[in-house]
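Residues per chain, in single letters:
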Amino acid sequence: MFLLNWQVTSRKDQHQYWCRRDEPYRYISVNDFSDAFKEFHVGRNLGSELRVPFDRSRNHPAALTTSKYGISKMELIKACFSREWLLMKRNSFVYIFKVLQLIILGTIGMTVFLRTKMHRRSVEDGAIFLGAMFLGLVTHLFNGFAELAMSIAKLPIFYKQRDLLFYPSWAYALPTWLLKIPISFLECAVWICMTYYVMGFDPNVERFFRHYLLLVLISQMASGLFRLLAALGREMVVADTFGSFAQLVLLVLGGFLIARDNIKKWWIWGYWSSPLMYAQNAIAVNEFLGHSWNKVVDPTQSNDTLGVQVLKLRGIFVDANWYWIGVGALLGYIMLFNILFILFLDWLDPLGKGQAVVSEEELREKHVNRTGENVELLALGTDAQNSPSDGRGEIIGAETRKRGMVLPFTPLSITFDNIRYSVDMPQEMKEKGITEDRLLLLKGVSGAFRPGVLTALMGVSGAGKTTLMDVLAGRKTGGYIEGDISISGYPKKQETFARIAGYCEQNDIHSPHVTVYESLLYSAWLRLPSEVDSEARKMFVEEVMELVELTSLRGALVGLPGVNGLSTEQRKRLTIAVELVANPSIIFMDEPTSGLDARAAAIVMRTVRNTVDTGRTVVCTIHQPSIDIFEAFDELFLMKRGGEEIYVGPLGHNSCHLIDYFEGIQGVRKIKDGYNPATWMLEVTTLAQEDILGINFAEVYKNSDLYQRNKALISELSTPPPGSKDLHFPTQFSQSFFTQCMACLWKQHKSYWRNPSYTATRIFFTTVIALIFGTIFLNLGKKINKRQDLFNSLGSMYAAVLFIGIQNGQTVQPIVDVERTVFYREKAAGMYSALPYAFAQVLIEIPHIFLQTVVYGLIVYSLIGFDWTAAKFFWYMFFMFFTFMYFTFYGMMAVAMTPNSDIAAIVSTAFYCIWNIFAGFLIPRPRIPIWWRWYSWACPVAWTLYGLVASQYGDITYATLEDGEVVQDYIRRYFGFRHDYLGYVATAVVGFAVLFAFVFAFSIKVFNFQRR
Ligand SMILES: Nc1ncnc2c1ncn2[C@@H]1O[C@H](COP(=O)(O)OP(=O)(O)OP(=O)(O)O)[C@@H](O)[C@H]1O
Ligand SMILES: [Mg+2]
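Residues numbered from 1 in each chain as written. Chains lettered and ligands numbered in written order. Predicted model: local features only at pLDDT ≥ 70, side-chain atom pairs only at ≥ 80, totals over all residues. Heavy atoms only, no water.

## Regarding the overall build of the chain
A tally of regular secondary structure across the chain gives 40 helices and ten strands. Viewed in the frame of its principal axes, the chain has a C-alpha envelope of about 115 × 85 × 65 Å. The burial tally for the chain puts 55% of its 1012 residues in the buried class. For the chain, long-range pairs separated by at least 24 residues make up 78% of all intrachain contacts whose partners lie at least 6 apart in sequence. Here the chain displays about 44,500 Å² of accessible surface, and carbon together with sulfur accounts for 62% of that area. For the chain, the distance from the average position of its 96 positive side-chain charges to the average position of its 91 negative side-chain charges is 6 Å. (Helix = DSSP H or I, 4+ residues; strand = E, 2+ residues; numbered from the N terminus. Buried < 20%, exposed > 50% of the residue type's maximum accessible area, 1.4 Å probe, protein only. Contact = heavy atoms within 4.5 Å. Areas by Shrake-Rupley, 256 points an atom, 1.4 Å probe, with all protein chains shown as cover. Lys, Arg positive; Asp, Glu negative; His and termini not counted. Charge placed at Lys NZ, Arg CZ, Asp CG, Glu CD.)

## Some points on the nonpolar core
F113, Y798, W915 and F918 are the most contacted members of the largest nonpolar core, which totals 207 residues. When residues in this core are grouped by element, the largest group, 17 residues, is from helix α35 (residues 870-897). (Core = buried A, V, L, I, M, F, W, Y, C linked by side-chain atoms within 4.5 Å.)

## A look at the sheet that holds strand β5 (residues 490-491)
Note on sheets: strands pair through backbone hydrogen bonds, and any given pair is parallel or antiparallel. The sheet built from four strands is open, its strands ordered β2-β1-β4-β5 with antiparallel pairing. A single partner strand is all that each edge strand has here, and the edge strands are β2 (438-449) and β5. Most of the contacts of helix α19 (residues 465-473) go to β2, to which it runs at about 70°, and overall it touches β1 (414-424), β2 and β4 (480-487). (Pairing = 2+ DSSP bridges. Axes fitted to C-alpha atoms, helices over the stretch in contact; angles between N-to-C directions.)

## Some points on the pattern of salt bridges
Opposite charge on two side chains makes pairing possible when the charged atoms of those side chains draw close. Taken as a whole and judged by the stated rule, the model has 38 salt bridges. Measuring nitrogen to oxygen at the nearest pair gives 3.1 Å for the salt bridge that ties D163 to R162. By relative accessible area, which is 49% here, D163 ends up partly exposed. Judged by its relative accessible area of 8%, R162 is buried. For R669, the salt bridge is made with E683, and the minimal N-O distance between the two is 3.5 Å. (Salt bridge = Lys/Arg side-chain N within 4 Å of Asp/Glu carboxyl O.)

## Describing the sheet that holds strand β9 (residues 635-640)
Across the sheet, six strands lie side by side as β6-β7-β8-β3-β9-β10; this open sheet has mixed pairing. Strands with a single pairing partner mark the edges of an open sheet, and in this sheet they are β6 (501-504) and β10 (644-650). Put simply, the sheet's adjacent strands are angled 15° from each other on average, direction ignored. Where β9 and β10 come together, six bridges link them in antiparallel fashion. Note that in β10 the partner of L638 across the bridge is Y647. Along the sheet, helix α23 (residues 568-580) makes contact with β6 and β7 (586-590), crossing β6 at roughly 170°.

## A look at the packing of aromatic side chains
Scanning the model with the defined rule gives 87 aromatic pairs in all. An angle of 20° between the planes, with centres 4.5 Å apart, marks the rings of F823 and Y837 as stacked. On the criterion of sequence distance, the pair formed by F823 in helix α33 (residues 787-828) and Y837 in helix α34 (residues 834-864) is long-range, its members being 14 residues apart. Here F823 matches Y837 in class, with each residue buried. Over the face of the ring belonging to Y517 we find R554, whose NZ or CZ atom lies 4.6 Å from the ring centre. (Phe/Tyr/Trp six-rings, centres within 6.5 Å; stacked < 30°, edge-to-face > 60°. Lys NZ or Arg CZ within 6 Å of the ring centre and 35° of its normal.)

## Observations regarding the confidence of the model for the chain
With 93% of its residues at a pLDDT of 70 or more, the chain shows a mean pLDDT of 86. Ignoring residues within four places in sequence, the model shows residues 374-403, a span with pLDDT below 50, making 46 contacts including any to other chains. (pLDDT = per-residue confidence, 0-100.)

## Some details on the site of ligand 1
Of all residues adjacent to ligand 1, which total 13 residues, the nearest are S461, K465, T466, T467 and H623. Separating an oxygen atom of ligand 1 from a backbone N or O atom of G464 is a distance of 3.0 Å. Taking K465, its side chain carries an N or O atom lying 2.8 Å from an oxygen atom of ligand 1. Calculation on ligand 1 without its partners gives an accessible area of 640 Å², and the protein chains cover 65% of this total. Examining the composition of the shell around ligand 1, we find that three residues originate from one element, α19, more than from any other. The class makeup of the residues in the shell around ligand 1 is four nonpolar, seven polar and two charged. (Near = heavy atom within 4 Å. Polar contact = N/O pair within 3.5 Å; in protein donor to acceptor, adjacent residues only side chain to side chain. Nonpolar A, V, L, I, M, F, W, Y, C, P; charged D, E, K, R; others polar.)

## As for the state of the cysteines
Defined simply, a disulfide is a covalent bond joining two cysteines at their sulfur atoms. In total, this model carries zero disulfides according to the counting rule given. Here C504 stays unpaired: no disulfide links it, and the sulfur of C620, its closest cysteine neighbor, is 8.0 Å away. This cysteine, C744, is not joined by any disulfide, and C741 carries the nearest cysteine sulfur, 6.9 Å off. We classify C744 as buried; its relative accessible area is 3%. (Disulfide = S-S within 2.5 Å.)

## A closer look at unusual backbone geometry
In this model, S488 sits at a positive phi of 45°, which is unusual for a non-glycine residue. Relative to the helices and strands, S488 is located in the loop between β4 and β5. A positive phi angle, close to 55°, is found at N583, a residue other than glycine. Inspection of the secondary structure assignment puts N583 in the loop between α23 and β7. The buried category is assigned to N583, whose relative accessible area is 9%.

## Overview of helix α13 (residues 275-288)
Along an α-helix, residues three or four apart share an orientation, since each turn contains 3.6 residues. Between its first and last C-alpha, α13 extends 20 Å over 14 residues, near the 20 Å set by a 1.5 Å rise per residue. The buried count for α13 comes to 14 of 14 residues, which makes it a mostly enclosed element. (Expected span 1.5 Å × (residues − 1).)

## Some details on the UniProt feature "domain: ABC transporter" (unreviewed entry) in the chain
Residues annotated in UniProt with the feature "domain: ABC transporter" (unreviewed entry) correspond here to residues 414-666. Between the C-alpha atoms that bound residues 414-666 the distance is 33 Å, and the span itself is 34% helix and 26% strand. (UniProt positions renumbered as here; feature names shortened; annotations may be inferred.)

## Structural notes on the packing of helix α10 (residues 205-233) against helix α15 (residues 322-347)
For the pair α10 and α15, the least separation of the axes is 8 Å and the interaxial angle reads 25°. On the basis of their axis angle, the class for α10 and α15 is roughly parallel. When you trace α10 past α15, the crossing you get is left-handed. Split by residue class, the contact of α10 with α15 holds 21 nonpolar, four polar and two charged. (Parallel < 35°, antiparallel > 145°, perpendicular 65-115°, else oblique. Left-handed = near helix turned anticlockwise from the far one by under 90°.)

## Details of the side chain of E845
Within the secondary structure layout, E845 lies in helix α34. With residues near it in sequence (within four places) discarded, E845 still touches Y752, Y758, R762, V812, T888, F889 and M892.

## Overview of the pairing of strand β8 (residues 617-621)
Most of β8 is tucked away: five of the five residues are buried. With four bridges connecting them, strand β3 (residues 454-459) and β8 associate as parallel partners. Paired with T455 across the bridge in β8 is V619. As judged from the five bridges shared by β7 and β8, these two strands associate in the parallel manner. Looking at β8, one finds that F588 is bridged to V619.

## Some words on the packing of helix α32 (residues 756-776) against α34
Axis separation between α32 and α34 bottoms out at 8 Å; the angle between their running directions is 15°. Between α32 and α34, the crossing angle belongs to the class labelled roughly parallel. Crossing angle aside, the handedness with which α32 passes α34 is right-handed. Here α32 contributes Y758, T759, R762, I763, T766, T767, A770, L771, F773, G774 and T775 to the contact with α34, which in turn contributes E845, H848, I849, L851, Q852, V855, Y856, I859, V860, L863 and I864.

## A word on the domain arrangement of the chain
Domain annotation for the chain reports domain 1 (75-347), domain 2 (414-717) and domain 3 (745-1006). Here the C-alpha centre of domain 3 lies 49 Å away from the C-alpha centre of domain 2. Facing 21 residues of domain 2, the contacting portion of domain 3 comprises 17 residues. Where E518 meets R754, a salt bridge forms, and the shortest distance between an N and an O atom there is 2.7 Å. The tally of links between domain 2 and domain 3 comes to five residue pairs in polar contact (both at pLDDT 80 or more). Mapped onto the side of domain 2 that touches domain 3, the elements with two or more residues apiece are α21 (516-527) and α23. (Domains from an automatic or database assignment.)

## Remarks on the pairing of β10
Across the seven residues that make up β10, a large majority, six, are buried. Turn length for the β9-β10 hairpin, with the two strands adjacent in sequence and antiparallel, is three residues, and the turn residue G642 shows positive phi of about 105°.

## Focus on the environment of L214
Here L214 is to be found in helix α10. Sequence separation of L214 and A282 is 68 residues, and the distance between their C-alpha atoms is 7.9 Å. Residues within four places of L214 in sequence aside, it is in contact with A279, A282, I283, Y323 and L330.

Dropping the structure here:
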C-alpha cells in the first residue's frame, strides 16, 4: 500500500503499473483515484456512515471527563516539582560548573581588587570600589544567561505535554522558578564569602547581609528575565538576540556606564526601568553610607563625607532609603518576569518548522493532483516507456537512455587479503574485567571487488561493515590495521587513494548554505584532474545531476538535516552525486538506501546500477533490501558479528548460488517460496542458529570451495596484469594550493551570502546597537570638562566593544562548527588540505567585518560627536575593525580547539568574563596589583580601550578637568594611556587578530575531533 501510494500516483512511475494491455496508457490523476474511491462500495458506505451524527448518549459513562487535567492541582504541582528536581539532579554538572566558574572569577576578582590596594583616600578610590561592586552585579547577571539556553532546550517537550493536557503552564513554571531560589542563595554565598571581606567592603555584618541579599535578588531577577526571553523567543537565535539587547539596555542604562544627569530625556525611561539601576543604587548606598566612608576629606572643598561625594559624583542617589527602594524594585521585577514567563508559556505556540524543499516537478505534480488539469508541461516521465518486467528490470529497467560518461577513467579492482583491524580496548569493557589491551573488530577478512561488478556488503548491525569500508578507504582515524590491500595489483597508496575513490558516508554531511548545483560544482572543481577545463566540468556535473535526478533541485539550498532544506532522500542522492562528480574508479557506499521509501530507494539503486555499468567498481552496504533491490546486486560479501566473512561470491539468478550454498549446509532451514533471500540468509546465520546447529559459519566458509576460489581470485588480481603500470599522481591533491584556496573561498563566499540569518543579522544587530549607543551618548564625545564626561565616553567604548565583540565571537561558533564537520569529510575525500580551508574561513570574515565596522563607526562616531579629524576618525575605525576581527577569530579558534560549539561557547565565555575584569574600565591598569598587571597586557580588550581612548583624548592639552588637571595628564596618570604609544597599541591589536587566526588555522590542521 505504501509503495503504491507513491508510485501509482507519480507521473513518472505510474506507467509501469498499467494493467489493461488492450488500452493505451493515460495518466490517472489523484483526483480521478479519489473520485473512483467515492463511487466504490467501500467509499459509499463510509460516506453514508459519516453522514449520521454521533449520538452522545450511547457513550460509556467512564468515557466522559469532567475535569481538564487528570489529577488535582496539588498533585500536579507535586509531580512537576519532583520532575524538575530530578532533572536538576541529572543536570548537576551545569550547576557545579557554574559554581566553579564563580569560584575562579571570584578568585581573580578578589586578587585584583585586593583590600590592601583599596584605599579610601579620595573620590577616585571610591570609583574603584564601585567597579568592584559592579563586577559582582554583572557576574551574577551574566550567570543567569545560561538559563536562556536551558529553558529553550526544554520548550519543545513542554509544548507537547501542555497540549496533551499533562499539566497547566503554571504548574510547570513554578517549580522551575522556585527550585532555582536556593541555588541563587548558594551561588551568591560562594561569591560573597570569597570576595566581601577580601575586597575590603564595609566590615559591618548587617551591611554584609544586605549586600548578600541584593546579589541574590539580582541573580533571581536575571534568571527570571532570561527564562522570560526564552519563552518569548522560543528559538535560540531569536532569543539570543533578545537576550543580548536586554543585557545591553540593562547595562548601559544602569547608571554605571553613563551617569543619570547625562542621560538624554528620551532615554531616561530606560534608566528608571532598568533593574540594574536599582540594584546599583542600593548596593552603592549600602556601602558608601557606611562607617568607613564617613569622613570629610577636604573641608575647604566640600562638607560632604567622602562616601556622599563619591555617590554625588557618579550621579547616584544619596538617601539611605534607596537600599530598600532597590530591594522592593527587584522583588517587583522578579514577580513580574516570572508571571510574564507563565503567561507567555500559556499563550505562545512553538515557532513553525522549516519546510523541506519541494522540487518544481513535485509542485507541478501537486498542482495537477489538486486541479485535475492534465498539463503536459514536462515530458520527463516519458522515458519509462519500455520497461521490461522481470525482477531486475524494475530497478534498472526504466533507464534505457544512454548515459554517456564524458570523462575517461581507468577501471580498477581492489583486493584485500587477511585484513585485521583492532582498537584499544574501550574503557567500559576493561571495567568488566577484560584484560586484553586490544579489541579485534575485523578478524582477517579477504575479498576482491572488480570493475563492473556490484557487490553488496551485508551483515547484521554491528557486524563490522562500516569498519571494513573505513579500513579499505583509509578513513580510520585510530586503531591498528594489518593485511594487504592492493589496487589492480599494486599496493594501495593512501595519500593519493582519494584521487581514484569515492566514499558515500552513512550520514549525509553537506554545507548547509550552498545550493545543490554549487555543492556539485565545488566537488568537481577540487576533485577532477586539473587538466579538465571548466566547460567539461560543468557538462559533467549536469550529466551527473541528470543521472541521480537532481536537476529539478539544482537551485535548492541544502540546509541542515531535520531543520530545513533537502529531505533525507534528496540529501542521500546529493551525497552520491558529490562522489560521482569526482569521476572515481572505485566507489564505496555506506547504506545508500537507509531511511528512504521504496520509490526513493529504487531511484538510488537505479543510479548505482548505472554507475556500475559504466565499468566502475562499486561496493554498497545495505540493510533490509527488498527482493528487487537485493537482486540488482551481482555479488555478496556477507559478514557475521565479530568481523568475519561467511559468504563471498556471486548471487546468481534469483540468488540461486547463495541459496544453494546455505541450503547445502547440514541443518539449515530451507527457504520458503517467495521469501526474501536477504532476510532468510540473515535469519539462518544468526549466533542463535549457530548454537542450535553447533557449527560456525565462518569455519564452514573457510573450508568451502568458494573460499578456495576466492583465494585464487585474490592472488590473481593482486599481481599486476602484464604491461600495466602503477597509477602515479605527482601531487596528493588534484588542484594546486592556490586553486584550493580559491575554491574554498568561493564556497565560503556563497555560504555567507546565502546565510543572511548570520551575516545580515549581524549587520542589523550592529546597526541597532550603534543607534542605541549613538542616541544614549549623543554629543558626549566632545565634552571633556569633568572626569565623569571621560568616564561616560569610555563607558560607551567599553560597552560597545564587549557587546558587539562577544556577539561576533559567539555567533560565528555554530557556523564554524557545522563547516568543520563538512571539512572533515572533504579533507578525507582529498579535496584540499587544512590550510586552504582555514585560510578561506578567515578571509571570508574580513569583508563582512569591514562592512560591520563602517556601519558601526559612521553611526556612532557622528552621533556621539567625537572629533572630526582624519587621524582620530581613522584610528577609531582601525581599532574597531581589528577588535571585531580578533573577537570573531577568537570565537573560531575556540571551536577549532574543542570538540563542539557547546564546549567552545562555555570555554570562551569564561574568558570573556576575565577580559571584562581586565579591560581597564572597572579598574584602570595602574590600579591593578602588580601580580595581575601582566594579564592586562595579555587582555586584548585592554589594548583596544587603550587605543580608542589614547587616540581620542590622549593628545588633548588645551582642556582641563574640574580640578584643573589637563586631560592628557589625567589620561596618563589615571588610565596609564599615552598618545605617543599608539603605534605599539595598534601593533598589539593587529597582533591579536593575526595570532587568533593563526591558532585557528593551526588547530584545524592539528586537532582532529572526529572519531572513527
Ligand atoms: N572505535 C571503536 N572502538 C570500539 N569499538 C568499535 C569502534 N568502532 C566500531 N566498533 C565496534 O565494532 C563493531 C562494528 O561496527 P560497525 O560500525 O562497523 O558496524 P556496522 O556493521 O556498520 O553496523 P551498522 O549496520 O549498525 O552500521 C560494533 O560492535 C562497534 O561497536
Ligand atoms: Mg555501519
